[in-house]
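Spelled out from the first residue to the last, the chains are:
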Amino acid sequence: MSTGPNDSKLWTVVSLLAALVAAATARKALHATWRATTGKEPPSNPADPDLNLREAITWAAVSGTLIAVARMLATRRAAHYFLRSTGNNPLA
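Residues numbered from 1 in each chain as written. Predicted model: local features only at pLDDT ≥ 70, side-chain atom pairs only at ≥ 80, totals over all residues. Heavy atoms only, no water.

Caption draft 1: Structural context of the overall build of the chain. Check the secondary structure of the chain and you find two helices and zero strands. Computed over its C-alpha atoms, the radius of gyration of the chain comes to 18 Å, more than 25% above the 12 Å expected for a compact globule of 92 residues. Reported as C-alpha extents along the three principal axes, the dimensions of the chain are approximately 55 × 25 × 15 Å. Within the chain, the proportion of its 92 residues that are buried is 27%. Contacts in the chain between residues far apart in sequence, at least 24 positions, make up 65% of those at least 6 positions apart. With an accessible surface of roughly 6600 Å², the chain has 61% of that area assigned to carbon and sulfur atoms. Charge-centre separation for the chain: the mean point of 10 positive side chains lies 13 Å from the mean point of 5 negative side chains. (Helix = DSSP H or I, 4+ residues; strand = E, 2+ residues; numbered from the N terminus. Rg over C-alpha atoms; globule rule 2.2 N^0.38 Å. Buried < 20%, exposed > 50% of the residue type's maximum accessible area, 1.4 Å probe, protein only. Contact = heavy atoms within 4.5 Å. Areas by Shrake-Rupley, 256 points an atom, 1.4 Å probe, with all protein chains shown as cover. Lys, Arg positive; Asp, Glu negative; His and termini not counted. Charge placed at Lys NZ, Arg CZ, Asp CG, Glu CD.)

This is the structure in structure tokens:
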């Protein structure tokens, strides 16, 4: 079954909201974990030359990966929900 224009617009909103909520939640959890692990605030700008290179690389790699994975998982879950709710695959 193909999606109509209304389903397409609805899917755009649903997937955007899912990704934004997931990214915000992951960021909060990541900041709390960084503080608990290192005893310091997470780097606000990894490009800062005063920041230790190892710390900058670690923050960039970990935060980028975890936020991207959280967004992907939330979007997948939203797609499953959308399919169950509408009967239409939003990605087809």
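So, next bit.
Caption draft 2: The pattern of salt bridges, seen in detail. For the structure on display, the rule yields two salt bridges. Put simply, lysine 40 and glutamate 55 hold a salt bridge, and the shortest N to O gap is 2.9 Å. In this pair, lysine 40 is assigned in the loop between helix H1 (5-38) and helix H2 (53-86) and glutamate 55 in helix H2, connecting sequence segments 15 residues apart. Of the residues examined, glutamate 55 reaches a relative accessible area of 15% and is grouped as buried. (Salt bridge = Lys/Arg side-chain N within 4 Å of Asp/Glu carboxyl O.)

Caption draft 3: Quick look at H2. If you check H2, its first and last C-alpha atoms are 49 Å apart, about what 34 residues at 1.5 Å a residue would give, namely 50 Å. Burial in H2 covers these residues: Glu55, Ala56, Trp59, Ser63, Ile67, Ala70, Ala74, Ala78, Ala79 and Phe82. Where H2 begins, the side chain of asparagine 52 points an oxygen toward the backbone nitrogen of arginine 54, at a separation of 2.7 Å. The positive-phi residue at the C-terminal boundary of H2 is glycine 87, with phi of around 80°. (Expected span 1.5 Å × (residues − 1). Polar contact = N/O pair within 3.5 Å; in protein donor to acceptor, adjacent residues only side chain to side chain.)

Caption draft 4: Here's a closer look at a nonpolar patch on the surface. Residues Val69, Met72 and Leu73 make up a contiguous nonpolar surface patch of roughly 250 Å² in combined accessible area. With respect to the helices, strands and loops of the structure, valine 69 is situated in helix H2. (Patch = residues over 30% accessible without salt bridge, like charges linked within 9 Å, V, L, I, M, F, W, Y side chains within 5 Å.)

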